[in-house]
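A look at the structure
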Amino acid sequence: MNIHYLPDFETMSRKGFELVKNEIDRKPNLLFCVASGGSPSGLYSQLVAEKAKNPSFCNQLRVIKLDEWGGLEEGSTFTSELDVQTKFVQPMGISSDRYWTIDPFTADPEGDCRQMEGVIQREGPLDICILGIGVNGHIALNEPGEVLKLEFHVCQLAESTLNNGMIKSLKQPPTFGMTMGVGNILQSKKILIFIAGSGKKEAFERLLKPEVNTQFPASLLWLHPNVDVLVDERVV
Ligand SMILES: O=C(O)[C@H](O)[C@@H](O)[C@H](O)[C@H](O)COP(=O)(O)O
């Protein structure tokens, strides 16, 4: 695990941008897994800024969404889809033939997860997987538990996730998640995990322990040979 301590959010995002751009320069059509949430949002802004300077940047990039909330009220704006569309997919001009996603309002979550798994089998493995970390150590929506699933699946959400951040203020909070499994993530050629925002100190300290425990899913990243941890030092 390469741990990068960066003095602030901007510098952390810049470092992430440099690592990602290096890979895109080497392989312009790489498969990029996009996460929602606050921690990687500065990376997306930097990529969008680069695109404004260089319109052909990322014009072959293939993109897949990491996860999604389920059980929200129809029309809810608390979706990963809206988040990644606004911050990344639309401003980067990623056309629909280069973007694979799961619908937050799907009537068939299990079927759609199977379909996403099929996409990963066909288009994958991921070249770059972008992650944040949950306060409970979740990666994507793989929550702490005895068993972690390998493939894209419908998942239960932990109380600690439902009691965190904006979710707890929702009139109709999500009742389940749809997420890449830890197998999908660990098969990615490169993983970047961004650690920023309030409440992440404990999770970061636990991540530093070189041991693996399914009750702390991010610890599985120790099994991967190419992980960059980008931490905004102000959280630690
Ligand atoms: O939102 C997602 O796509 C991920 O499912 C989730 O694992 C997220 O990365 C963490 O919960 C951290 O979220 P923040 O970056 O918003 O703190």
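The following paragraphs examine the structure supplied in this document. (Residues numbered from 1 in each chain as written. Predicted model: local features only at pLDDT ≥ 70, side-chain atom pairs only at ≥ 80, totals over all residues. Heavy atoms only, no water.)

**Structural notes on the pattern of salt bridges**
Overall, the coordinates contain 15 salt bridges when judged by the stated rule. A salt bridge links Glu73 to Lys171; the shortest N-O distance between them is 3.9 Å. Taken as a pair, Glu73 in the loop between strand 4 (67-70) and helix 3 (80-89) and Lys171 in the loop between helix 5 (159-162) and strand 8 (176-179) lie far apart in primary sequence, 98 residues in all. Here Glu73 falls in the partly exposed class, since its relative accessible area comes to 31%. On the basis of relative accessibility, which here comes to 74%, the residue Lys171 falls in the exposed class. Put simply, Asp127 and Lys189 hold a salt bridge, and the shortest N to O gap is 3.1 Å. Residue Asp127 is found in the loop between helix 4 (109-123) and strand 6 (128-132), and its partner Lys189 is found in the loop between helix 6 (182-186) and strand 9 (190-195); the two are separated by 62 residues along the sequence. We classify Asp127 as buried; its relative accessible area is 7%. Residues participating in the shared-partner salt-bridge network are Lys27, Asp127 and Lys189. (Salt bridge = Lys/Arg side-chain N within 4 Å of Asp/Glu carboxyl O. Helix = DSSP H or I, 4+ residues; strand = E, 2+ residues; numbered from the N terminus. Buried < 20%, exposed > 50% of the residue type's maximum accessible area, 1.4 Å probe, protein only.)

**Things to note about the environment of Asn29**
On the secondary structure map, Asn29 appears in the loop between helix 1 (9-26) and strand 2 (31-34). In this structure the C-alpha to C-alpha distance between Asn29 and Ser13, which are 16 residues apart in sequence, comes to 22 Å. Among residues more than four places away in sequence, those in contact with Asn29 are Gln60, Leu61 and Arg62. (Contact = heavy atoms within 4.5 Å.)

**Quick notes on the environment of Lys51**
Mapped onto the elements, Lys51 comes out in helix 2 (residues 41-53). Given a relative accessible area of 15%, Lys51 falls into the buried group. Placed 41 residues apart in sequence, Lys51 and Met92 show a C-alpha to C-alpha distance of 6.7 Å. For Lys51, the residues in contact, after removing those within four places along its chain, are Ser56, Phe57, Asn59, Pro91 and Met92.

**Looking at the site of the ligand**
For the ligand, the set of nearby residues contains 13 residues, the closest of which are Ser39, Asp67, His138, Ala140 and Lys200. Contact distances for the ligand include 2.5 Å between an oxygen atom and a side-chain N or O atom of Ser39. Take His138: an N or O atom from its side chain is 2.7 Å from an oxygen atom of the ligand. Within the complex, 82% of the 410 Å² of free accessible area of the ligand lies under protein. Here the residues of the shell around the ligand are counted per class, giving four nonpolar, seven polar and two charged. (Near = heavy atom within 4 Å. Polar contact = N/O pair within 3.5 Å; in protein donor to acceptor, adjacent residues only side chain to side chain. Areas by Shrake-Rupley, 256 points an atom, 1.4 Å probe, with all protein chains shown as cover. Nonpolar A, V, L, I, M, F, W, Y, C, P; charged D, E, K, R; others polar.)

**Some words on helix 1**
An α-helical turn contains 3.6 residues, so a residue and the one three or four places further along point in the same direction. For helix 1, built from 18 residues, the straight-helix expectation of 26 Å at 1.5 Å per residue is met to within 8% by its first-to-last C-alpha distance of 26 Å. On its buried face, helix 1 is in contact with strand 1 (2-6), strand 2, helix 2, strand 6, strand 9 and strand 10 (227-232). (Expected span 1.5 Å × (residues − 1).)

**Some details on the packing of helix 1 against helix 2**
Close contact between helix 1 and helix 2 brings their axes to 8 Å; oriented N to C, the two are set at 60°. As the angle between them shows, helix 1 and helix 2 are arranged oblique. Where helix 1 crosses over helix 2, the two elements pack in a sense that is right-handed. Contacts between helix 1 and helix 2 involve Phe9, Glu10, Ser13, Arg14, Gly16, Phe17, Val20 and Lys21 on the former and, on the latter, Ser41, Gly42, Leu43, Gln46, Leu47 and Glu50. (Axes fitted to C-alpha atoms, helices over the stretch in contact; angles between N-to-C directions. Parallel < 35°, antiparallel > 145°, perpendicular 65-115°, else oblique. Left-handed = near helix turned anticlockwise from the far one by under 90°.)

**A short note on the sheet that holds strand 4**
Here we have three strands laid out as an open sheet, ordered 4-8-7, and antiparallel in their pairing. Strand pairing shows two members of the sheet lacking a second neighbour, strand 4 and strand 7 (153-155), which therefore form its edges. Neighbour-to-neighbour, the strand axes of this sheet turn through a mean angle of 25°, independent of strand direction. Strand direction decides the pairing type here: strand 4 and strand 8, joined by four bridges, are antiparallel. Within the sheet, the bridge partner assigned to Gly70 lies in strand 8 and is Phe176. Taken strand by strand, helix 4 contacts strand 7 and strand 8, and its axis lies near 135° from that of strand 7. (Pairing = 2+ DSSP bridges.)

**Focus: the environment of Asn184**
Within the secondary structure, Asn184 is located in helix 6. Note: C-alpha distance between Asn184 and Leu126 (58 residues apart in sequence) is 7.7 Å. Reaching out from Asn184, the side chain makes a polar contact with the backbone nitrogen of Phe152 at a distance of 3.1 Å.

**Examining the nonpolar core**
Membership of the largest hydrophobic core comes to 65 residues, with the highest contact counts inside it found for Phe32, Leu47, Ile64, Phe88, Ile130 and Ile185. Counting seven residues, the second largest nonpolar core, distinct from the first, contains Leu72, Leu141, Cys155 and Leu157. (Core = buried A, V, L, I, M, F, W, Y, C linked by side-chain atoms within 4.5 Å.)

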